[in-house]
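Take a look at the letters that make up each chain.
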Amino acid sequence: RKPTLAVVGATGAVGTVMLQILSQRADIWGEIRLIASPRSAGRKLALRGEEVEVVALAEAAFDGVDVAMFDVPDEVAERWAPIAASKGAVVVDNSGAFRMDPDVPLVVPEVNPHAARLRPRGIISNPNCTTLSMIVALGALHAEFGLRELVVSSYQAVSGAGRRGIDTLRQQLSLVAGTELGTTPGDVRRAVGDNTGPFPEPVALNVVPWAGTAREDGWSSEEMKVRDESRKILGLPDLRVAVTCVRVPVVTTHSLTVHACFEREVTVDQAREIIATAPGVVLFDDPAAGEFPTPADVVGTDPTWVGRVRRALDDPTALELFVCGDNLRKGSALNTAQIAELVAGELRRAGA
Ligand code: 2RA
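Computed from a prediction, not measured in an experiment: that's the story for all the values here.

K.L.:
What's the story with the nonpolar core in this structure? I'm lost.
P.N.:
Counting 37 residues, the largest nonpolar core has M134, L141, L150, V258 and L321 as its most contacted members. Looking at this core, the elements that each hand over two or more residues are α3 (129-145), β9 (147-155), α6 (221-234), β10 (240-244), β11 (254-262), α7 (268-277), β13 (304-311) and β14 (318-325). Setting aside anything within four residues of it in sequence, one finds L321 in contact with L138, L141, L256, T257, V258, I275, V306, G307, R308, V309 and R310. Counting 33 residues, the second-largest nonpolar core is a separate cluster that includes V52, V54, M69 and L334.

K.L.:
Would you mind showing me how to read the sheet that holds strand β5 (residues 55-56) here?
P.N.:
The strands making up a sheet associate through hydrogen bonds between their backbones, and the pairing can be parallel or antiparallel. The six strands are arranged β5-β2-β1-β6-β7-β8 in an open sheet whose pairing can be described as parallel. Every other strand in the sheet has two partners, leaving β5 and β8 (123-125) as the edge strands with one partner each. Relative to strand β7 (residues 90-93), strand β6 (residues 67-70) is paired through four bridges, and the arrangement is parallel. Across the sheet, V67 pairs through a bridge with V90, a residue of β7. Each of β1 (5-8), β2 (32-36) and β6 is contacted by helix α1 (residues 13-24), which is oriented at about 155 degrees to β1, the strand it contacts most.

K.L.:
I keep staring at the packing of α3 against helix α9 (residues 329-351) and nothing clicks. Help me out?
P.N.:
A pair of packed helices is captured by two measures, namely the crossing angle of their axes and the spacing between those axes. Contact geometry of α3 with α9 gives a least axis separation of 8 Å together with a crossing angle of 85 degrees. Comparing their axes, α9 and α3 come out roughly perpendicular. Across the interface between the two elements, C129, L132 and V136 of α3 pack against K330, G331, S332 and N335 of α9. Across the contact of α3 with α9, the residue classes tally to three nonpolar, three polar and one charged.

K.L.:
What's the story with the environment of V188 in this structure? I'm lost.
P.N.:
Note that V188 resides in helix α5 (residues 187-192). In contact with V188, not counting residues within four places along its chain, are L181, G182, P202, A204 and L205.

K.L.:
Before we go on, may I ask you to explain the packing of aromatic side chains in this structure?
P.N.:
Aromatic rings in a pair are described by how distant their centres are and how their planes are angled relative to each other. Throughout the structure, instances matching the rule amount to four aromatic pairs. The interplanar angle of 65 degrees and the centroid separation of 5.4 Å between the aromatic rings of F145 and F262 together place this pair among those described as edge-to-face. A residue pair is termed long-range when its members are at least 10 positions apart, and F145 in helix α3 and F262 in strand β11 qualify at 117 residues. Of the two residues, F145 and F262, neither departs from the other in class, the shared state being buried. Taking 6.3 Å as the distance between ring centres and 65 degrees as the angle between the ring planes, the aromatic pair formed by Y155 and F322 counts as edge-to-face. Highlighted residues: Y155 in strand β9 and F322 in strand β14, separated in sequence by 167 residues.

So, how was this worked out
Residues numbered from 1 in each chain as written. Predicted model: local features only at pLDDT ≥ 70, side-chain atom pairs only at ≥ 80, totals over all residues. Heavy atoms only, no water. Core = buried A, V, L, I, M, F, W, Y, C linked by side-chain atoms within 4.5 Å. Buried < 20%, exposed > 50% of the residue type's maximum accessible area, 1.4 Å probe, protein only. Helix = DSSP H or I, 4+ residues; strand = E, 2+ residues; numbered from the N terminus. Contact = heavy atoms within 4.5 Å. Pairing = 2+ DSSP bridges. Axes fitted to C-alpha atoms, helices over the stretch in contact; angles between N-to-C directions. Parallel < 35°, antiparallel > 145°, perpendicular 65-115°, else oblique. Nonpolar A, V, L, I, M, F, W, Y, C, P; charged D, E, K, R; others polar. Phe/Tyr/Trp six-rings, centres within 6.5 Å; stacked < 30°, edge-to-face > 60°.

Have a look at this one:
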């Protein structure tokens, strides 16, 4: 029997991409049950060439489910993921609720697939999209050179903040398009008014050095996630990480500049070879020909794209990189689907 999959949070920004991905990837699933808040129950969504009706989140919705993917707010995952697990489903959760729980593995199939097998709570976490947008490339370089330190800046797309983030940028762009705004202090802010949505400042014609919520000593939750999750995925609990997260007026695809320091000397040729051959990573790096990844080209694609590969000018053990990844695909839905496929393979082997 093919396993039954539940998609919880099927109507959100990530859920919508998830349904596309499930329609495009190898069809390993039997029933795929779509679950959302009672408000969305009864809606019909396109999946694998058919219309599938959404059912309301309730305990009975997990009857007979083998794997349940969750893309819901932290507090909803906190309540419902253990319920799904208690009913026998392996949960793959995309919220922040369980990522740092020592009894919950945090999995990137190209980097630490083995970790998915040890899941005492029946829950596997999917990393945050900013971590995911760089970690496949870094995992490959770490395997060869041994990572010692990371200095990272993110350039995060508004869809990281969900549909509200996308709507906010689009509305703001309609208010500033074709004007001369962006030339005097505060003119963009006045044009946009209170319409800053999930962001603390206008994001159109601007960059905002903040993502997430406030943590101790001036750090943002997003910055703490990049540090803590990178350490957990790479199995480097003491990795030194310096990170600043920034929101930019891009709809989808997070970018990062990365200064990565290694245990050994590195050469650009070796680094390029590793990046070019690592599964899930594309090297796109010929600046003289105008070739480097940008969000406008990377959006809608699956791999992590790497360009601007240079050895640090003042440190022969360090590399500089520019990395782009679609935050709704590899950054969320795709990685979740890949983890679910790992679990399905394991269940199949156990039943065989
Ligand atoms: C963001 N990474 O981009 C967050 C979403 N999880 O806002």
